[in-house]
Amino acid sequence: MKGPVGILIDTTRCIGCESCVAACKQANGLGPDRRWRGQEAATGLSATRFSTVLRLPHERFVLQQCRHCVEPACVSACLVGAMRKTPEGPVVYDPDRCMGCRYCLVACPFGIPRYQWSAAEPKVRKCTMCYARLQEGKLPACVEACPEHATIFGPRERLLAEAHRRIADQPGRYLPRVFGEHDVGGTSVLYVSDASLDFLSWRGGPDPQPLPALTWASLKRVPPMFLVVGGLMGGIRWVIGRRMRVAAEEGAAAPPPAGGAEQGGEGGRPHD
Ligand code: SF4
Ligand code: SF4
Ligand code: SF4
């Protein structure tokens, strides 16, 4: 995989079949959608749905997923480095580092990350651009599954050139703009469309401002107490969890007790 890579989504080719969503669920081992009280359908992004297809008026469909920002606000907001921008482009997440503060949820200008609210040990969940599949030389599952080739994968620069070529070749079919080329400092998931997609961002308009600045702009919207308490609770849970892990590792590495041949066998070596 040569980076930085990305995905180009052409909404004018999308028929709303949701094969991409089904493939994403299967590739990521996600369970069935859960309907929350008061909801008619569980079709929004959730801890068990990393991508979804938004249905707009006039039979328009928009695949929504993490944009894998060039300068991700979620990464700059994460105090313990659980969110990481890879050199290849995907923004990935390490659940073992996460302390559950949920700053990334607040910081994301596209409202993408979700939290496992009902889990005993909740984690943040989002699209990783199928990073593990990419490292095996495979396509992202959603791209592979699309019967209309509404999504294509490749180096970001090549996708940008392809997007501009389509717009120049068919100016009546597309708005004269590649969504994600400059928005919030640029994103690795790009769109060409015949309708504005600015509504996907909480700022509701084109905004080339680099994301670290947006991170703090968005965090400032949240009552300070929420962030402080959330951070403290998350920090305490993270420290306790880390101590337990270290204790477990030290226990596993400790020499067997004297006369403990039944535990370690001859010479203290474990049985195969
Ligand atoms: S869209 Fe949100 S979650 Fe995805 S990389 Fe950008 S800031 Fe992070
Ligand atoms: S790139 Fe992978 S994880 Fe992301 S939406 Fe597509 S299938 Fe899901
Ligand atoms: S699989 Fe392709 S055509 Fe079907 S909803 Fe997804 S992006 Fe649209």
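Everything numeric in this text was worked out from a predicted model, so none of it was measured.

Comments concerning the sheet that holds strand S9 (residues 189–192)
Phase 1: Here three strands make up an open sheet; going across it, the order is S8-S1-S9 and the pairing mixed. Only two strands of the sheet have a single partner each, and these edge strands are strand S8 (151–155) and S9. On average, adjacent strands in this sheet sit at an angle of 25° to one another, irrespective of strand direction.
Phase 2: Bridge analysis of strand S1 (residues 5–10) against S9 gives four bridges, and the strand direction is parallel. Bridging from a neighbouring strand, Leu-8 pairs with Leu-190 of S9.
Phase 3: Contacts between helix H6 (residues 156–169) and the sheet are confined to S1, S8 and S9, with S8 contributing the most and set at about 130° to the helix.

Re the pairing of strand S2 (residues 52–56)
In the case of a regular strand, side chains alternate between the two sheet surfaces.
Phase 1: Bridge count between S2 and strand S3 (residues 60–64): five bridges; the pairing is antiparallel. Bridge pairing in S3 links Leu-54 to Val-62.
Phase 2: Between the end of S2 and the start of S3, which pair antiparallel, lie three residues, with His-58 showing a positive phi angle near 65°.

Comments concerning the pattern of salt bridges
Phase 1: In this structure the tally under the stated criterion is 15 salt bridges.
Phase 2: Among the ionic pairs, Arg-133 bridges to Glu-144, the shortest N-O distance being 3.3 Å. On the criterion of sequence distance, the pair formed by Arg-133 in helix H4 (residues 131–135) and Glu-144 in helix H5 (residues 141–145) is long-range, its members being 11 residues apart.
Phase 3: By relative accessible area, Arg-133 is classed as buried at 17%.
Phase 4: Salt bridges sharing partners connect three or more residues here, namely Asp-10, Arg-13, Glu-162, Arg-165, Arg-166 and Asp-169.

A few points about the site of ligand 3
Phase 1: Around ligand 3, the neighbouring residues are Cys-14, Ile-15, Gly-16, Cys-17, Glu-18, Ser-19, Cys-20, Val-53, Cys-146, Pro-147 and Glu-148.
Phase 2: Per-class residue counts for the shell around ligand 3 are seven nonpolar, two polar and two charged.

Quick notes on the pairing of S1
Phase 1: Within S1, six of the six residues are buried, which leaves it mostly tucked inside the rest of the structure.
Phase 2: Of the two faces of S1, the one holding Val-5, Ile-7 and Ile-9 and the one holding Gly-6, Leu-8 and Asp-10 are both buried throughout.
Phase 3: Looking at chain direction, S1 and S8 are connected through five bridges and run antiparallel. By the bridge assignment, Leu-8 is partnered in S8 with Ile-152.

Definitions and limits used
- Residues numbered from 1 in each chain as written.
- Chains lettered and ligands numbered in written order.
- Predicted model: local features only at pLDDT ≥ 70, side-chain atom pairs only at ≥ 80, totals over all residues.
- Heavy atoms only, no water.
- Pairing = 2+ DSSP bridges.
- Helix = DSSP H or I, 4+ residues; strand = E, 2+ residues; numbered from the N terminus.
- Axes fitted to C-alpha atoms, helices over the stretch in contact; angles between N-to-C directions.
- Contact = heavy atoms within 4.5 Å.
- Salt bridge = Lys/Arg side-chain N within 4 Å of Asp/Glu carboxyl O.
- Buried < 20%, exposed > 50% of the residue type's maximum accessible area, 1.4 Å probe, protein only.
- Near = heavy atom within 4 Å.
- Nonpolar A, V, L, I, M, F, W, Y, C, P; charged D, E, K, R; others polar.

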